[in-house]
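Here is what each chain is made of, one letter per residue.
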There are 2 protein chains.
Amino acid sequence: MNNYLEMTKEELAAEKANLEEQYKQWQAKGLKLDMSRGKPSSEQLDLSMPIFDILDGEASMRCLNGVETRNYGGLEGLVEARKMMSEIMDCDPEQVIIGGNSSLNMMFDTIIRGYSLGFAGCTPWCKLDKVKWLCPVPGYDRHFAITQHFGFEMINIPMDDNGPDMDMVEKLVSSDDSIKGMWCVPKYSNPTGIVYSDEVVKRIAALKPAAKDFRVFWDNAYAVHHLYDEMTQIPNILALSEDAGNENMVFEFASTSKITFAGAGVAAMAMNNKNREEMKKTMTVQTIGYDKVNQLRHARFFTNVTTIEDHMKKHAQLLRPRFELVLEALERDLKPTGCGNWVAPRGGYFITYNAPSGTATRIVDLCGLAGVVLTPAGAPFPYHMDPEDSVIRFAPSFPSLEELKDAADIFTVCARIATVEKLLHA
Amino acid sequence: MNNYLEMTKEELAAEKANLEEQYKQWQAKGLKLDMSRGKPSSEQLDLSMPIFDILDGEASMRCLNGVETRNYGGLEGLVEARKMMSEIMDCDPEQVIIGGNSSLNMMFDTIIRGYSLGFAGCTPWCKLDKVKWLCPVPGYDRHFAITQHFGFEMINIPMDDNGPDMDMVEKLVSSDDSIKGMWCVPKYSNPTGIVYSDEVVKRIAALKPAAKDFRVFWDNAYAVHHLYDEMTQIPNILALSEDAGNENMVFEFASTSKITFAGAGVAAMAMNNKNREEMKKTMTVQTIGYDKVNQLRHARFFTNVTTIEDHMKKHAQLLRPRFELVLEALERDLKPTGCGNWVAPRGGYFITYNAPSGTATRIVDLCGLAGVVLTPAGAPFPYHMDPEDSVIRFAPSFPSLEELKDAADIFTVCARIATVEKLLHA
C-alpha cells in the first residue's frame, strides 16, 4: 500500500474502487456493532460480583465508627468509603465527600450550586448576563452537555499531548471574570487518552483567576484505570492549588463506575475546607444522605490500595487486547496511507483517531451504514461542533474481541474511503 | 387529678411543686432518650434483610425487559421498579421515574429545575424578584428548609383534620402569580398524622393557579404506612388534576426509605406527560442513571401489591405499640388537665401534641434537660417560627418500648409543669 499523499488521481480512483468493493462486502454481512460509549463489558462487571455477597447479616451493617448503614445519617459518607475514594483520588480522606452512584451527577449538582446559590459569597451565576467556561478539546461530551444546559458560553481550548494550551488558559482566566470554570480530565483524558504533564497540572493549580468564584472541575475519572503495569501518576492538584493560594479553586471527582459497576458504583468528590463547608450546607438541605449500604459493600471489598490495584489489573487484562486490536488495525491500514494520526493510550477508555480535516462526519456515516455505530462526529466538542471535522472517538471496551476485529476493519475501510474521496475532490 | 383550668392558684402551685419533685427524680436518672427524628428502629430494618441476598449471580442481573442492571443505561428506572413504585403511589407505571435513595433529593432537584431552567417554558424562578410558596402548617421541616434555601417567601396555611384551609389556598393561588408551589403530605401528614379528605384532594386538583408554572409537591411519603388494618386511601391526584385541566400541576413523590432501608432504599416520582418529558431532558444531562441493582433487589422482593401490604403489616406490628404507649401516656396524664390536644394517627411516623399556647419551647427545653431529645419547638413551621409556640412533634419509631415509656412519662411531667407555670403567670 502506498502513501495516499503521493498517489496520482488515477491511483486514488483505483484505490477508491477497491475500497468500495471491500465496503460492499462488509455491508452485505449486515453486522450490528457498537463502539460508541465507554461501557465496561460483561466480563469486567463479573470481576466485582463478590461485592454483592460481602455483607453478612445485620451484625455487619455498621461501619467502622459505628454508623448504622441501613438507617438515616452519615451525610458525608462512611469513614471507610471516604478512605477508599481518597486512595483512588490520591488525597486525604477528610477531603472526600461520598455521593450516589454517579460522579457526573455530582458535577451537575456542583454547577447547580454555583448557578443558583453562588460560591464563596459571589453572585450566583444565574444572576449574571454571561457565564463562560473553558473546554479543553477534544473532551467529554457529557461535560459539555451540562455547561450547555445552563447556557454558558463554552470556549474551546486546544490540547496537545501534554494537556490544554496553558498560555491560552492563563491569559483568558486572568483577564475575564465572566469565565467561571474549566473542565479537565487530567489522566487518560476522554477521548484522546493523554495525561496532563506535571508542568500543566502545576500551571493549572497556580492560575490567577480574575473571578473569585472560578472553579476547576477536575474529573479524575480514570485515576487508576491503567492499561499497562506502569501506573502513571499526576501531581496532587488539591495540595498544589492550596500551596499556590488557590485553596478553593478545585473540585475533584471520581467514581467506581468503571472499577466495579457502571450502574451501581460509588461516586465521590474531593475538595478543600471552605468548598466542603459550603457543599455540606447545601447537602444538608438536599438529601437525607446517599446509599450507605453500597458504600459499605465497596469499602469492604477494597480494603486498601493494593486490593484496588490488583482489581484494576484484572480490568486491564480484559481491556488491553481490545485497545491493541484497534491500534494494530490503525497501524496496519492507516499508517501507510500517511493520513490521520492517533496516540496509543496507556489507560482510560478511549482511542482518538484524528482523521484528515473534513472527513470525520463522512467516516462516521460510512461506518453507520455498514453497521458500526461510533460516537457521532463532533460529540467531543462543545455544541457538537468539531471545527476541523476530524476527531473520531472509539470506545473499544464493550464489544467482544471478535466484534471489535470486524468493527476496526470496517472502520479503516471507511476512513480510507473518506480520505481518498477528499483527496480526489481537493 | 383535676382540670388545671378549674384550679385555684394555690392548687396550681401545689401541683407545680409535686411535678417538680417528679421532674427532679427523672433528672437524677440521667437518661438519654431521642424522640426527635422519624427513623425506623433496628427491628424494622431487620424485616428487609432478605433484600440483600435476593440477587443470585450474574445470570439474574438483567431486568424484565433485558436491561443489564450492572451497566449504564435505563435512565427512567427498571420496568419492574416503576411498577413497584406505581403500586405504592397508586398511579400508572408509565407515570413513574425512579431516582436514587432519597425522595427529598428528588424534591430538591425538581425545585432546582424550576429555579434554574423553568417549567413549561416559563421564566426560571431565579430570574424573578419574588417567589412565594404555600406551606400547610404544621408540616415537614425538611420541606421548608428547601424552600428557605432558595429564598422563597413561605406562607403558612393552617391545617385542620381534613387538610389545608382550601378557601385560603384557592384565593391565594388564583390571585397571585408569584406563588409557584405548595408542599403537601396528604396521607398521615408529617407531623399531625391527619389524612387529607377526598374533598380537599379534589379541590387541590382543581385549583386555578394564576401562575402557569405553579406546582403541587405531593409528598406521599406514608402512602402504605398504615398502623391498623384499615388501609386508608386518598383519591388519585394525578388523575384528578388531569381531569380538571391541570395536567402538569402535580409532582408526586415516594420512597421505600420507611419500607425497606432509610439509608439504602429506592425513591421515585410520578407525574404526567409534559412534566416527565421536561424532567427527562434534564436527567439526560444530570446523570448516567441511578443505581439499578438496588432497584432490582427491591422489585424482586416486592413482586406485587400483596407483598408490599404484608410487609407493611410487619412494620405496623412494631410501630403500633410505640404509638399507643405515647398516646396512652397523653390520655392518662394530660387529658384530665383539660390542656392541650392531639389526634391519634392511623399511620405515618409522628404524633403531634398541641400544647397550650406559649408553652412548646418551654416543654421541649424541660425535656432536653431531663435527657429526652424532642424535635425543636418551631421546627414544623417555616423559618422555625410557630406563631402560637404550641406544636410539639414526637417520633416514637426509633426508641425501644422501655425507653419510650420513660420518655413519654418525662414528657407529660414537662408538659404539665410548663402548663402550670403558664397558668400561674396568666
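Conventions used here
Residues numbered from 1 in each chain as written. Chains lettered and ligands numbered in written order. Predicted model: local features only at pLDDT ≥ 70, side-chain atom pairs only at ≥ 80, totals over all residues. Heavy atoms only, no water. Contact = heavy atoms within 4.5 Å. Buried area = accessible area lost by both parts, 1.4 Å probe. Salt bridge = Lys/Arg side-chain N within 4 Å of Asp/Glu carboxyl O. Polar contact = N/O pair within 3.5 Å; in protein donor to acceptor, adjacent residues only side chain to side chain. Buried < 20%, exposed > 50% of the residue type's maximum accessible area, 1.4 Å probe, protein only. Helix = DSSP H or I, 4+ residues; strand = E, 2+ residues; numbered from the N terminus. Arc of directions from axis to C-beta. Lys, Arg positive; Asp, Glu negative; His and termini not counted. Core = buried A, V, L, I, M, F, W, Y, C linked by side-chain atoms within 4.5 Å. Pairing = 2+ DSSP bridges. Axes fitted to C-alpha atoms, helices over the stretch in contact; angles between N-to-C directions. Phe/Tyr/Trp six-rings, centres within 6.5 Å; stacked < 30°, edge-to-face > 60°. Lys NZ or Arg CZ within 6 Å of the ring centre and 35° of its normal.

Visitor: Looking at this structure, how should I read the interface of chain B and chain A?
Guide: Quite often, the size of an interface is put as the accessible area lost when its parts meet. Across the boundary between the two partners, chain B contributes 54 residues, which contact 54 residues of chain A. Of the roughly 4700 Å² buried between chain B and chain A on both sides combined, carbon and sulfur atoms contribute 54%. If you sort the residues of chain B by the area they bury against chain A, Arg70, Tyr72 and Val285 of chain B come out on top, with a joint share of 16%. Viewed at the interface, chain A and chain B are joined by two salt bridges. Measuring nitrogen to oxygen at the nearest pair gives 2.8 Å for the salt bridge that ties arginine 70 of chain A to aspartate 46 of chain B. Between chain B and chain A we count 20 residue pairs in polar contact (both at pLDDT 80 or more) in total.

Visitor: What exactly am I supposed to notice about helix α6 (residues 166-175) of chain B here?
Guide: Because each turn of an α-helix spans 3.6 residues, side chains separated by three or four positions end up pointing in the same direction. Residues and elements named next belong to chain B. Those residues of α6 that fall on the buried side of the exposure criterion are Met166, Val169 and Val173. Down the axis of α6, the buried set is contained in an arc of 55 degrees. They therefore lie on one face. In α6, the exposed positions that point more than 90 degrees away from the buried face belong to Asp167, Lys171 and Ser175. If you follow the buried residues of α6, they end up packed against β3 (132-137), β4 (153-160), β5 (163-164), β6 (179-184) and α7 (198-205).

Visitor: What's the story with the side chain of arginine 297 of chain A in this structure? I'm lost.
Guide: On the secondary structure map, arginine 297 of chain A appears in helix α10 (residues 292-301). Lacking a salt bridge, the buried arginine 297 of chain A has aspartate 291 of chain A as its closest oppositely charged neighbour, with an N-O distance of 5.1 Å. If we skip the residues at most four places from it in the chain, arginine 297 of chain A touches Ile51, Phe52, Ile54 and Leu55 of chain A together with Phe52 and Arg297 of chain B.

Visitor: I would appreciate a short explanation of the nonpolar core in the present structure.
Guide: Buried together is how nonpolar side chains tend to be arranged in soluble globular proteins. In this structure, Ile204 and Trp218 of chain A together with Ile204, Trp218, Tyr353, Ile363 and Phe411 of chain B are the most contacted members of the largest nonpolar core, which totals 164 residues. Ranked by residue count, the leading element in this core is helix α13 (residues 401-424) of chain B, at eleven residues. If we ignore the near neighbours within four places in the chain, the residues touching tryptophan 218 of chain B are Cys184, Pro186, Tyr196, Val201, Ile204, Ile234, Ile237, Val250, Phe251, Glu252 and Phe253 of chain B. Formed by 74 residues, the second largest nonpolar core is a distinct cluster that contains Ile97 and Tyr115 of chain A together with Ile111 and Tyr140 of chain B.

Visitor: I keep staring at the pattern of salt bridges and nothing clicks. Help me out?
Guide: Any two side chains of opposite charge can pair, so long as their charged atoms come close to each other. For the structure shown, the criterion picks out 40 salt bridges over all chains. Where glutamate 76 of chain B meets arginine 82 of chain B, a salt bridge forms, and the shortest distance between an N and an O atom there is 3.3 Å. Within this structure, Arg332, Asp333, Lys405, Asp409 and Arg416 of chain A form a network of salt bridges that share partners.

Visitor: What is the right way to read the sheet that holds β5 of chain B from this model?
Guide: The strands making up a sheet are joined through hydrogen bonds of the backbone, oriented either antiparallel or parallel. Residues and elements named next belong to chain B. Strands sit in the order β2-β9-β8-β7-β6-β3-β4-β5 across an open sheet of eight strands; the sheet is mixed. Either end of the sheet is taken by a strand with one partner, and the two such strands are β2 (96-98) and β5. In the packing of helix α3 (residues 79-89) onto the sheet, the strands contacted are β2, β8 (250-255) and β9 (267-270), and the crossing angle to β2 comes to about 120 degrees. Each of β2, β7 (215-219), β8 and β9 is contacted by helix α9 (residues 273-286), which is oriented at about 20 degrees to β2, the strand it contacts most.

Visitor: Just checking my understanding: could you explain the environment of alanine 264 of chain A for this structure?
Guide: The residue alanine 264 of chain A is located in the loop between β8 (250-255) and β9 (267-270) in this model. Look at alanine 264 of chain A and you get buried, because its relative accessible area is 0%. Sequence separation between alanine 264 of chain A and isoleucine 97 of chain A is 167 residues; the distance between their C-alpha atoms is 17 Å. Excluding residues within four positions of it along the chain, alanine 264 of chain A makes contact with Asn101, Asn294 and His298 of chain A together with Arg70, Asp291 and Val293 of chain B.

Visitor: Sorry if this is basic, but what is going on with the packing of aromatic side chains here?
Guide: When we look at a pair of aromatic rings, we describe it by the centre distance and by the angle of the planes. Going through the model one piece at a time under the given rule, you end up with 42 aromatic pairs over all chains. Ring plane angle 40 degrees and centroid distance 6.0 Å describe the contact between tyrosine 115 of chain B and phenylalanine 152 of chain B, whose orientation is recorded as tilted. Taken as a pair, tyrosine 115 of chain B in helix α4 (residues 103-116) and phenylalanine 152 of chain B in the loop between α5 (141-149) and β4 lie far apart in primary sequence, 37 residues in all. Following the ring pairs from residue to residue traces out a cluster consisting of Phe108, Tyr115, Phe119, Trp125, Trp133, Phe150, Phe152, Trp183, Phe217, Phe251 and Phe253 of chain A. Here lysine 29 of chain B stacks its cationic end above the ring of tryptophan 26 of chain B, 4.7 Å away from the centre of that ring. Stacked on the ring of tyrosine 349 of chain B, the Lys or Arg lysine 258 of chain B has its end atom at 5.3 Å from the ring centre.

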